[in-house]
Amino acid sequence: MKRSDVIAAGLLLFPAFACLTLFNFLPVIRNILLSFTSWNMVVGDPKFVGLNNYKELFTSQDFRNSVIVTVRYALMFVPLTIALGFLLASLLARKSAVNVLYRTIFFAPYVTSMVAMSAVFLFIYHPQYGTLNTLLKSLGIEPLQWLNSKKTALPSLVAMNCWKTTGFCAVVYLGALLNVSDELKEAAEIDGASRLQKLWLIEAPLVSPTTFMLVITVTIEAFKVFTQINVMTSGGPDSATTNMLTYMFVQAFEQFRVGYGGAVAVIMLLTVLIINFVQMAFEKYVNYDI
């Protein structure tokens with residue numbers, strides 16, 4: 001490679017690396033340093049306290065509760081969203097003039113403002129005038145306290161976020177399904193395979209690289225949930241929807257314990273990295289041959 005090509009490549013890559021360093025790497029390093037300090041973000045300078053924030057963190061019942069909420073949310077959200085996305089994509093993959101419109105409709109929630117969606121779902125989940133309870137009353141079923149009950153608050157948030165993210169998963173799966181060889185499908189039809197058998201035994205294994213990518217992406221998405229919790233439940237009722245990110249926000253920006261909040265953020269980062277490394281160990285089961 002010529003030296004001029006190396007210089008040209010470096011100049012083209014420099015803006016991207018500069019932005020990553022300025023807006024990603026440096027804030028992470030700054031947060032790690034702050035996690036070893038005590039600072040209220042208003043008065044004085046950060047005071048070094050060593051591992052005190054982490055000691056308090058691992059002995060805090062509120063933090064343990066936020067970890068449990070985060071794990072419960074991820075266990076419900078990730079498999080449900082990916083399964084619905086795959087099933088929806090299999091329907092949208094059929095050749096039809098109307099499917100182009102349906103693809104746009106199902107993908108639209110993913111690019112819709114989360115604050116606006118939260119406001120809409122607040123009305124849908126309203127205990128007295130909400131759409132869901134109105135429907136339940138018409139069927140003779142006792143209305144539910146969707147966001148005001150510890151049993152239903154978290155599943156209600158999961159259902160909302162599934163509705164938002166399923167379209168994204170479906171579009172990604174759709175690209176993979178359209179690349180599956182028609183010859184394999186025709187051979188399966190000749191052998192008498194049903195539509196369900198083709199979907200499960202042929203298409204699902206061949207799109208496993210897409211599934212693998214979506215599992216990692218959607219898992220990270222599950223740990224990033226904040227806006228809908230902040231708008232719809234504020235972490236309630238009784239901390240039933242206070243995940244790690246919400247707990248970090250409250251500690252750092254409402255109680256002004258920036259160092260402690262930074263420690264929560266560091267643990268979140270390490271947790272996501274560990275989960276992703278564990279997921280990467282299953283890549284050997286992914287089929288890249290189409």
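The following refers to the structure shown. No experiment lies behind these values; they were computed from the predicted model shown.

**Thoughts on unusual backbone geometry**
Here is step 1: The linkage connecting Gly 236 with the following residue, Pro 237, adopts the cis geometry, with an omega of -5°.
Here is step 2: Locating Pro 237 in the fold gives a position in the loop between helix H11 (227-232) and helix H12 (244-254).
Here is step 3: Backbone geometry places Asp 238, a non-glycine residue, at a positive phi of 55°.
Here is step 4: Its location among the elements puts Asp 238 in the loop between H11 and H12.
Here is step 5: With phi around 65°, Ser 239 is a residue other than glycine that occupies positive phi space.
Here is step 6: Locating Ser 239 in the fold gives a position in the loop between H11 and H12.
Here is step 7: With relative accessibility at 33%, the residue Ser 239 sits in the partly exposed group.

**Brief notes about the pattern of salt bridges**
Here is step 1: All chains considered together, the criterion is met by four salt bridges.
Here is step 2: Between Arg 257 and Glu 56 there is a salt bridge, and its shortest N-O distance comes to 2.7 Å. Here Glu 56 lies in helix H2 (residues 52-58) and Arg 257 lies in the loop between H12 and helix H13 (258-280), a separation of 201 residues in the sequence.
Here is step 3: Exposure remark for Arg 257: the relative accessible area of 28% places this residue in the partly exposed category.
Here is step 4: With relative accessibility at 33%, the residue Glu 56 sits in the partly exposed group.

**Some points on the packing of helix H3 (residues 61-92) against helix H4 (residues 97-107)**
Here is step 1: Running from amino to carboxyl end, H3 crosses H4 at an angle of 155°, the nearest separation of the two axes being 10 Å. Considered as vectors, H3 and H4 are oriented roughly antiparallel to each other. Residue-level contacts link Leu 88, Leu 91 and Leu 92 of H3 to Asn 99, Tyr 102, Arg 103 and Phe 106 of H4.
Here is step 2: Considered class by class, the residues forming the contact of H3 with H4 number five nonpolar, one polar and one charged.

**Focus: H12**
Here is step 1: When H12 is considered as a whole, its buried residues turn out to be Met 244, Leu 245, Thr 246, Tyr 247, Met 248, Gln 251 and Ala 252.
Here is step 2: Packed against the buried residues of H12 are H2, H3, helix H10 (208-223), H11 and H13.
Here is step 3: In the segment just after H12, Phe 256 is the residue with positive phi, at about 55°.

**Quick word on the packing of aromatic side chains**
Here is step 1: Within this structure, the stated rule accounts for 14 aromatic pairs.
Here is step 2: Between the aromatic rings of Phe 86 and Tyr 173, the centroid separation amounts to 5.2 Å while the plane-to-plane angle is 70°, which identifies the pairing as edge-to-face. Of the two residues, Phe 86 sits in helix H3 while Tyr 173 sits in helix H7 (residues 153-177), which places them 87 residues apart along the sequence. A single burial state applies to Phe 86 and to Tyr 173, both of which are buried.
Here is step 3: Measuring from centroid to centroid gives 4.6 Å for Tyr 110 and Phe 168, while their planes differ by 15°, and the two rings are stacked. Pair noted here: Tyr 110 is in the loop between H4 and helix H5 (114-124) and Phe 168 is in helix H7, with a separation of 58 residues, a long-range link.
Here is step 4: Residue Tyr 110 is classed as partly exposed on the basis of its relative accessible area of 29%.
Here is step 5: Accessibility expressed as a relative area gives 18% for Phe 168, which makes it buried.
Here is step 6: Ring pairing ties together the aromatic residues Phe 58, Phe 63, Tyr 247 and Tyr 260, which thus form one cluster.
Here is step 7: If you follow Lys 164 out to its NZ or CZ, it ends over the ring of Tyr 110, 5.7 Å from the centre.
Here is step 8: Directly above the ring of Tyr 260 sits Arg 257, whose terminal nitrogen or CZ lies 4.3 Å from the centroid.

What counts, and where the lines are drawn
- Residues numbered from 1 in each chain as written.
- Predicted model: local features only at pLDDT ≥ 70, side-chain atom pairs only at ≥ 80, totals over all residues.
- Heavy atoms only, no water.
- Helix = DSSP H or I, 4+ residues; strand = E, 2+ residues; numbered from the N terminus.
- Buried < 20%, exposed > 50% of the residue type's maximum accessible area, 1.4 Å probe, protein only.
- Salt bridge = Lys/Arg side-chain N within 4 Å of Asp/Glu carboxyl O.
- Axes fitted to C-alpha atoms, helices over the stretch in contact; angles between N-to-C directions.
- Parallel < 35°, antiparallel > 145°, perpendicular 65-115°, else oblique.
- Contact = heavy atoms within 4.5 Å.
- Nonpolar A, V, L, I, M, F, W, Y, C, P; charged D, E, K, R; others polar.
- Phe/Tyr/Trp six-rings, centres within 6.5 Å; stacked < 30°, edge-to-face > 60°.
- Lys NZ or Arg CZ within 6 Å of the ring centre and 35° of its normal.

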